[in-house]
Each structure stands twice: as structure tokens, then as C-alpha cells.
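# A look at the structure
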Amino acid sequence: MQDPQKPTAETTPEPHASAQPTGKPRPQGSKEKETATQINPKNSKPSPQGTQKTTDSVGAASWIGTLAVLIFLCLVPVIWFRGLGVLAFTETILREWTHVLLLIALPLIIGLYGWNRIENRKKKVATKDRGNDRLLKKFSSLTLASAVITVLGGAYTYAVHPYLVAQKYTSDTITTEETTSYADRAPWIVANNYAQRDQGEIIGDREDVHYVPADQDASATAGNGTGKGTSRYTVLVKERGILGTGGYEAVQTLTMPTTGTIPADASTFCPIPDSMTKRLNTVWPWHSLRWSIHAKAPLAHFDEDDAYGYCTDDNQPLIIVPLYSYQGFWNTTTAPNGAALYSKDGVEILTPEQLTERGIEGPTYPRSLAETQRKSINAGGTLIQWLGSKYGYDLTDTDDEDANAGNPAEFTMISPTDRALEYVSPLTPRGSSQSITAISSVPAQQESTTRAPLTINTSTDLPATSTLVTAIKESSVAGDNAWTTRWSAGMTTYEILPARDGHWAASIGQGQAVSYRADIAPDGRVTVVNSETGQRSQEAEEQSTSSITLDAGKPLNEMSETELLDLIQDATGELQRRQADSN
């Protein structure tokens, strides 16, 4: 019989898990706690893989946020300086710099992100285990691939992309051997020097001097190669103020004689009205002409150096800003797109056709575009020739003693027949030769939104400008011994430019006066012309080689000073000739 106080094995209940004494081991047969641990998320630990994915997401988000902040900080000054022009700026980035963003910037950012992850991962993985760590291998491969793409993208951006873009411009190039003909013009350097010294009663800071031939001014092309005409140059004068708080002060007009002393009334001004308070190149939006232009045309593009101004017939200032637009994508080119006109009536955006209808004077075709077209000539060969500078042309400024130094290209010149304006550049072949073998020209006024063709005229074959200067000196001295003193006193040869009927012309003077011109024939023969007497060095040289008979015709005390000087000059020339023959 069993004891009722002692429970049997069959009736003894199993103690509950919660009743398990603290510190005692869990019975081996119990499974309730294991089941609870498996199904209770509060008691489970996250897997290392899940933790790593969370860290990757946070790191990527941090990098994206930093990049967004940087882009925003870059756009703030753009909006400040351009206003709605931020749209034009964005188009420039997308059109001209997409290859930089995709092939350099993006791989570089990815590479820096991978390098940062590698450094962070190394801190969590023991040195002996790094070789087998999957994440380290992954980010190392990513960083290496990004570095390779960045280097290749940089090589493409530096060497290949400019070549491909320039080749698209060469499709508009025309080659010819026709005889060129351009009207005489006063040298730019003389007008520039005079503008710096003659501000009149206008107080302000002058900008670049532009040659703006008058549309209805007959003197702009007068002279017929004799150097008797005039040339109109204009200058925008900026108002002085703290950090550019003002607009333009006036438009200065310089009516420069092709040769001869500059008259006292050569410099005139048309003042800017009080209502015209805006200008280019200022930090203040409320004084910014750029803001006003983009308010009318948000996608307008222009180069501030192309802007110029002139005074209308009723002496009102008119400021012109030539515009251009983009064509294509990736290998992007530009084309003319009208101009912005700023007057007392405000800002107007005119198409090329409207510019012609309104009779807007001056070089409305963007000079910067003409320069780009001229430089693209060198992409006519292969990529290897492009990289080695073995094809195309250079400017005359490769000559250390270039007579056109300071303004060697894109000379605004006017045709004496149809009065068409052109950007003209003397060219020398690439290499060691500095001879002038070609002339490039681009129309300087817009006619449509189509890019104007660039013409290369290869009819020219002249020595370098420094060699021409030497020939001019020798020719002048041979015809007039007084030239030795003139050259010693500082007489200088200024611009050497194409002239009429295939000839070239050089301006000779000192300071702000051009007293002589040299005519350079297509065969290189040089003739120096005295603008005061009309005497030509060839004629004087022929006279000096023959015997001269002096006959005063009247007593010396009855002769004028001019006659006495001529008599002395003839006698001196004869003595020098005899001395040369005896030597």
C-alpha cells in the first residue's frame, strides 16, 4: 500500500519554467524557453548581414546629401549673378560638360565613396582576415574601376573631345585663292592709346576699344588706299562706384584719321541717361544688365567681351550684346542667335533678321564665335596631327617681334565694294615658319541663326611681320635719308593688315599719330608713302640712284625755308651717294 503523503512518479507535476530557481541550471528536458527565444523578436539579435546593409544605406545617403548641399551652394552665386540665367548656366553644363560629369566627376565621387568605405571596413576587420573579407574586395574593385574610368575620362576630355568638337566646326570652312580687298583703317593700338589718354569731362573706367564702322559714314571707307579716310572706334565707359553699384557713364566715339595728326575733336561722348542704370560685369542684381537680358531670354548665351556700343544719329547711346545658342549634344557647337539691345527704352531681344531691318551698326556676329571657328581650322587633320600641332595655322604672334602684337586676330574690317564687315586674321603655317600664307575671314554681322562659314584665303605669300618691318625700314631709308633719324627717334610700325586688291598696308607713326603708310605688294615689294607730300619711296629711290643737278633758279636769300631744306637734302644725298661709291 502506498503512502498518500509521497507522490508517485506518475502524479508528480513538472515544475513551471517561471518557477525555476534563480542561478540553477535549466532542466535538460525543458524546451519551452528555447521556443520562446526563437519566436520572440525582442530576444533575437540582428544578423551581421542586415547590420551591414543598414550601414551601407546610411553611408550612401550621407554622401548623396553632401553632394546635394555642394550643388546648392554652387547654384546660389549663379542665381545671384545671373537671375533666370541659371537656366542658361544649367544648359551650358548639360551641353558642354556632360562628358566631364559622366566620365570624370561621377567616377571620382564613386571612387572616393569606395575608398572611404574601405578605410571604415579596415577598422572592423582584423588584419589577418582582410584578404578574405568580401566587402573589402567589393569596394577595392569599385575604387579601382572608378580610378581607371576617371583617368580615361580625363584623357578623353583633354585630347579627344576638343578635337571632335572642332571637327564639327570645320564642316563650315571654305578654302579659296581669290584676291582679297579691304578698306584702310586706323590702327587699333593708336585708338586704344588715345582712348586711355582722352577721357574729356567723363569720369569712369573704360572697357575695350571696338572698331565699329559707321554704316552711313562715307569716310569710313574713303581714301581709296591713300590713307586719307577715317575710322570710328567706340568705348563703353563704366560709372565709378563702390563694388560696381553704377551703370555705364557714357559711350566714347573716336573718329581716328587713317594717317595724319589726330584732330582735337576726334573724341566725343554721348552720355548715358539716368534711366539706364544697368551694365554688364557687376555684382549687384538690381544693376545687372545680365539679369535684365535673362529676364527677357532665360536661355540666352553671350560673352561679355563681345559687347560694344555706339552713339546713334540723334546722339543717343545704344549698347549691343551679341547672343549665341547651342547646337547638338555632347559634341556641342554654337551659332549666332540675335542680340540684346540696351537703350533708354530698356532691353530688347532682336533676331538676326530684325538686326538687319533696324540697321544696327557694328559687329553683331559674336567675335568669340568667330575666334572658335578660326581655331577649329587645326582639326582638319588627324587626331595625331591635332595633338602634335602639325596641321593648320597659327597667328602672327608666334613671331617675337610681331607688328600686330596685342591684337593679332579677328580684326574687324570692311569691304570697299559692298561695305560688308568681316573678322579677318592673318595666319602662318604651323611649325617653325612665320611667313603669312593665309587669311581667315568670317562675316561680322548676323544674317540668320545659321553659323556663318569661315573662309581661308591662301592667295597670300608674305614673310613674317618682323621681316616686313625690316623691309619697310630699308625701303624708307633708301628713298629718304631723313628716315634714319625718324627710326632712331622712335618711329614704329603698327598694324600690318590686308588692304585693297591683294596688297597689304602698314601704318607707321609715333605715339598717337600715324604719319606714313607702307604699301606691300603681293610679291613683297614695299613702298613707303609720305602722307603729307605724297612722295613714294620707290620714286625717291630712283631719283637717288641718278646724278642730281642742283639749280636754285634764284638767289638763296630769296628762297623759302622749304626750298632751302629741299636743296640741302638733295646736296646731302649726293654727298652720301659719292661716299658710298668710294667705299
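Analysis parameters
Residue numbers run consecutively from 1 along every chain, following the written order of its sequence. It should be noted that, the model being predicted, local features are given only for residues of pLDDT at least 70 and side-chain atom pairs only at 80 or more, the latter also being counted only at that level, while totals for whole chains, interfaces and linings use all residues. Only heavy atoms go into the side-chain values, all of them from the structure, while hydrogens and water stay out. Where helices and strands are cited, they refer to DSSP runs of H or I of at least four residues and of E of at least two residues respectively, numbered from the N terminus. Between buried and exposed lies partly exposed: a residue is buried under 20% and exposed over 50% of the maximum accessible area for its type, with that area taken using a 1.4 Å probe on protein chains only. When checking whether two residues touch, look at their non-hydrogen atoms; a contact exists if any pair is within 4.5 Å. Surface accessibility in these figures is a Shrake-Rupley result with a 1.4 Å probe; residues are shielded only by whichever protein chains are displayed. Each pair of strands is called paired provided DSSP finds at least two bridges between the two strands. Fitting a line to C-alpha atoms yields each axis, with helices limited to the stretch in contact; the angle taken between N-to-C directions then spans 0 to 180 degrees. Two cysteine sulfurs form a disulfide in these notes if their separation is within 2.5 Å. A pair is scored as a salt bridge if a Lys or Arg side-chain nitrogen falls within 4 Å of a carboxyl oxygen belonging to Asp or Glu. Only residues above 30% relative accessible area that lack a salt bridge enter a patch, with like-charged residues linked at up to 9 Å and the nonpolar side chains Val, Leu, Ile, Met, Phe, Trp and Tyr linked at up to 5 Å. By nonpolar core we mean a set of buried residues, namely Ala, Val, Leu, Ile, Met, Phe, Trp, Tyr and Cys, connected to one another through side-chain atoms within 4.5 Å.

Helix and strand counts for the protein chain come out as 14 helices and 18 strands. When burial is assessed residue by residue, the protein chain has 41% of its 583 residues classed as buried. Within the protein chain, contacts between residues at least 6 apart in sequence are counted, and of these 61% link residues at least 24 apart. Accessible surface for the protein chain amounts to roughly 31800 Å². Of this, 55% is attributable to carbon and sulfur atoms.

In any sheet, the strands associate via hydrogen bonds between backbone groups, in a parallel or an antiparallel arrangement. Taken in spatial order, the four strands of this open sheet run β2-β3-β4-β5, and their pairing is antiparallel. The sheet is open, and its two borders are formed by β2 (205-211) and β5 (267-271), each paired with just one other strand. Pairs of neighbouring strands in the sheet enclose a mean axial angle of 25°, with direction left out of account. In terms of strand pairing, β2 meets strand β3 (residues 230-238) through five bridges, oriented antiparallel. Residue pairing for β3: R206 is matched across the bridge by V237.

What follows deals with unusual backbone geometry. Of note, the phi angle at N281 is positive, near 60°, even though the residue is not glycine. Relative to the elements of secondary structure, N281 occurs in the loop between β5 and α7 (289-296). A positive phi angle is found at D501, which is not glycine, with a value near 55°. Counting through the fold element by element, D501 comes out in the loop between β15 (492-498) and β16 (504-510).

Below, the discussion takes up the state of the cysteines. A covalent bond between the sulfur atoms of two cysteines is what we call a disulfide. For the structure on display, the rule yields one disulfide. C270 shares a disulfide with C311; S-S distance 2.0 Å. Residues C270 and C311 share a disulfide whose torsion about the S-S bond is about -85°; that sign makes it left-handed. A residue pair is termed long-range when its members are at least 10 positions apart, and C270 in strand β5 and C311 in strand β6 (residues 308-311) qualify at 41 residues. Take C270: its relative accessible area is 0%, and that puts it in the buried class.

Let us now look at the pattern of salt bridges. Evaluated as defined, the whole model comprises 12 salt bridges. R451 is the partner of D172 in a salt bridge, and the nearest nitrogen-oxygen pair spans 2.6 Å. You can see D172 sitting in the loop between α5 (134-170) and β1 (173-176) and its partner R451 sitting in the loop between β13 (438-443) and β14 (454-457), a full 279 residues away along the chain. Across the pair, R451 and D172 agree in class, each one buried. Close ionic contact of R290 with E304 constitutes a salt bridge, the shortest N to O distance being 3.0 Å. Note that R290 is positioned in helix α7 and E304 in the loop between α7 and β6, a separation of 14 residues in sequence. Of the residues examined, R290 reaches a relative accessible area of 13% and is grouped as buried. Taking the relative accessible area as the measure of exposure, E304 reaches 26% and is therefore partly exposed.

With respect to the helices, strands and loops of the structure, T334 is situated in strand β8 (residues 333-343). Filtering out sequence-adjacent residues up to four positions away, T334 remains in contact with Y169, Y324, S325, Y326, L369 and R451.

Let us now look at the sheet that holds β8. Strand order across the open sheet formed by four strands is β6-β7-β8-β9, with antiparallel pairing between neighbours. The two strands at the open ends of the sheet, each matched to only one other strand, are β6 and β9 (346-350). The mean inter-strand angle of the sheet, taken between neighbouring strand axes irrespective of direction, is 30°. Of the pairings in the sheet, the one linking β6 to strand β7 (residues 317-327) comprises four bridges and is antiparallel in character. Considered in β7, the bridge of Y310 is made with L318.

Mapped onto the fold, S292 is located in helix α7. When sequence neighbours within four positions are dropped, the list of residues in contact with S292 reads K278 and V347.

Taken together, the side chains of W80, F81, I242, L243, V283 and W286 present a nonpolar region at the surface, about 650 Å² in accessible area. The topology assignment puts V283 in the loop between β5 and α7.

Let us look at the environment of A166. By the secondary structure assignment, A166 is in helix α5. Judged by its relative accessible area of 8%, A166 falls in the buried class. For A166 and N378, which are 212 residues apart along the polypeptide, the C-alpha to C-alpha distance reads 8.1 Å. Ignoring sequence-local partners within four residues, the contact set of A166 consists of S376, A379 and W386.

A few words on the nonpolar core. One recurring pattern in soluble globular proteins: nonpolar side chains tend to sit buried together. Ranked by internal contacts, the top residues of the largest apolar core, which has 35 residues, are V209, Y233, L254, M256 and Y365. Looking at this core element by element, the count peaks at five residues for helix α6 (residues 188-197). For V209, the contacting residues outside a window of four places in its chain are W188, A191, N192, A195, Y233, T234 and V235. Core analysis: the second largest hydrophobic core is formed by 24 residues, A403, I472, W504 and Y516 among them.

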